[in-house]
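Per-entry structural report
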Amino acid sequence: MGAEGLDLAGLRRVYGRAGSRWFYTRVARNARHWGWTEPGQSKWRLWRAQRQLQDVLGRKLALPAGARVLDAGCGAGVVARAMAVRFGLEVTGVDVLDFHLAEARRLSARARMDGRTAFRFGDFHRLPFGDGEFDGAYSMETLVHSYDPSRALAELHRVLRPGGRLVLLGPMCTGPLEELEPAARALIEPFLDAMTMTGARIYHAGNLSRLLAGAGFEVEEALDGTPYYLPTSEAVHAYFRLPWELVRRFGDPAKWINLRSTVEMYAVREHVAWYVHTAVKPSR
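Presented here is a report on the structure given in the accompanying data block. Everything numeric here is computed off the predicted structure, so don't read it as measured data.

Digging into the overall build of the protein
When its secondary structure is counted, the protein shows 10 helices and seven strands. Computed over C-alpha atoms, the radius of gyration of the protein comes to 18 Å, within 12% of the 19 Å expected from 2.2 N^0.38 for 284 residues, which places it in the range of a compact globule. Across its three principal directions, the C-alpha atoms of the protein cover 55 × 45 × 45 Å. Evaluated residue by residue, the protein yields a buried proportion of 56% over its 284 residues. Considering only contacts in the protein between residues 6 or more positions apart, those separated by 24 or more positions represent 77%. Accessible area for the protein stands at about 12,200 Å²; split by element, carbon and sulfur atoms hold 52% of it. In the protein, which carries 38 positive and 31 negative side-chain charges, the distance between the mean positions of the two groups comes to 7 Å.

Points about the sheet that holds strand β5 (residues 160–173)
As summarised here, the arrangement of the seven strands in space is β3-β2-β1-β4-β5-β7-β6, forming an open sheet in which the pairing is mixed. Lying at the two open borders of the sheet, with one neighbouring strand each, are β3 (117–121) and β6 (218–224). Between one strand and the next, the sheet's axes are offset by a mean angle of 15°, whatever the strand orientation. The pairing of β6 with strand β7 (residues 272–280) spans six bridges and is classified as antiparallel. Each bridged residue has a counterpart across the sheet, and for D224 the counterpart in β7 is Y275. Packed on one face of the sheet, helix α3 (residues 46–61) meets β1 (68–72), β4 (134–140), β5, β6 and β7 and runs near 150° to β5.

What to know about the packing of aromatic side chains
Each aromatic ring pair is described using two quantities: the centre-to-centre distance and the angle formed by the ring planes. Counting across every chain of the model gives 11 aromatic pairs. Ring centres 5.6 Å apart and planes at 25° place the aromatic pair Y15 and Y24 in the stacked group. Following the ring pairs from residue to residue traces out a cluster consisting of Y15, F23, Y24, W44, Y239 and F240. Sitting above the plane of the W47 ring, R29 keeps its charged end 3.2 Å from the centroid. The side chain of R68 reaches across the aromatic face of F134, ending 4.7 Å from its centre.

With respect to the packing of helix α7 (residues 182–194) against helix α10 (residues 257–267)
Look at α7 against α10: their axes get within 10 Å of each other, and the N-to-C directions meet at 155°. Comparing their axes, α10 and α7 come out roughly antiparallel. For the element pair α7 and α10, the recorded crossing hand is left-handed. Here α7 contributes L187, P190, F191 and A194 to the contact with α10, which in turn contributes I257, R260, S261, E264, M265 and A267.

What counts and how
Residues numbered from 1 in each chain as written. Predicted model: local features only at pLDDT ≥ 70, side-chain atom pairs only at ≥ 80, totals over all residues. Heavy atoms only, no water. Helix = DSSP H or I, 4+ residues; strand = E, 2+ residues; numbered from the N terminus. Rg over C-alpha atoms; globule rule 2.2 N^0.38 Å. Buried < 20%, exposed > 50% of the residue type's maximum accessible area, 1.4 Å probe, protein only. Contact = heavy atoms within 4.5 Å. Areas by Shrake-Rupley, 256 points an atom, 1.4 Å probe, with all protein chains shown as cover. Lys, Arg positive; Asp, Glu negative; His and termini not counted. Charge placed at Lys NZ, Arg CZ, Asp CG, Glu CD. Pairing = 2+ DSSP bridges. Axes fitted to C-alpha atoms, helices over the stretch in contact; angles between N-to-C directions. Phe/Tyr/Trp six-rings, centres within 6.5 Å; stacked < 30°, edge-to-face > 60°. Lys NZ or Arg CZ within 6 Å of the ring centre and 35° of its normal. Parallel < 35°, antiparallel > 145°, perpendicular 65-115°, else oblique. Left-handed = near helix turned anticlockwise from the far one by under 90°.

These figures capture arrangement, not role.
Written as structure tokens, this is what we have:
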């Protein structure tokens, strides 16, 4: 099982350097995703926002306890364990980074959840599973790293049973890059390159539903969740703007790419949307 076409060096740079590992472990409590804040809630409760985004995913999957679910790009398995604990799902996570898989297995074993979660090497462009093995699947902010989103969606469609459900959560440009004004494009493109967000150059808020349909899905909902995500962007920008400036001036910025992302994502916020797409593999 290979990861042909993926920028593994770039993904290791984003997730594997010491600064990134520290950021995800200490700041994000091993999660690799943003947060969801309801109106009237404090934007400073970042860990609560992360849990609430996981709950949004679980509700959109809308599967019964015991259902088999695929986590495409599982990271350290935080979301997989949340789906198992809070929704009773049996989750198999795949990832192309060995240190992510080792961490996911260690944390699940420590939580005594290695019987309800499993993790294995897998590239979501070429999944190591048979047809129709899963009742549901999701990508929590990982499709952005796809070099061929249509192919990845086709694979997710293949491994779902008829009637199976897919939920995609994550950021994307509001429209095609080539249609953005030059100043905005000059900000966004270096950010996408630095974060190895190849997929975000291909799909956007205007065409992801069409890509899902092209892969054989029926799109149930394309929810623009940007207002619920923005409080997290505001909070992390406020927390880390000064640390990033200090690192940029006096340290090695390459080692702290996630601090950079919190600042630069805020700078391009007018051109970034956060969506929750829910789709179904037709039964017929």
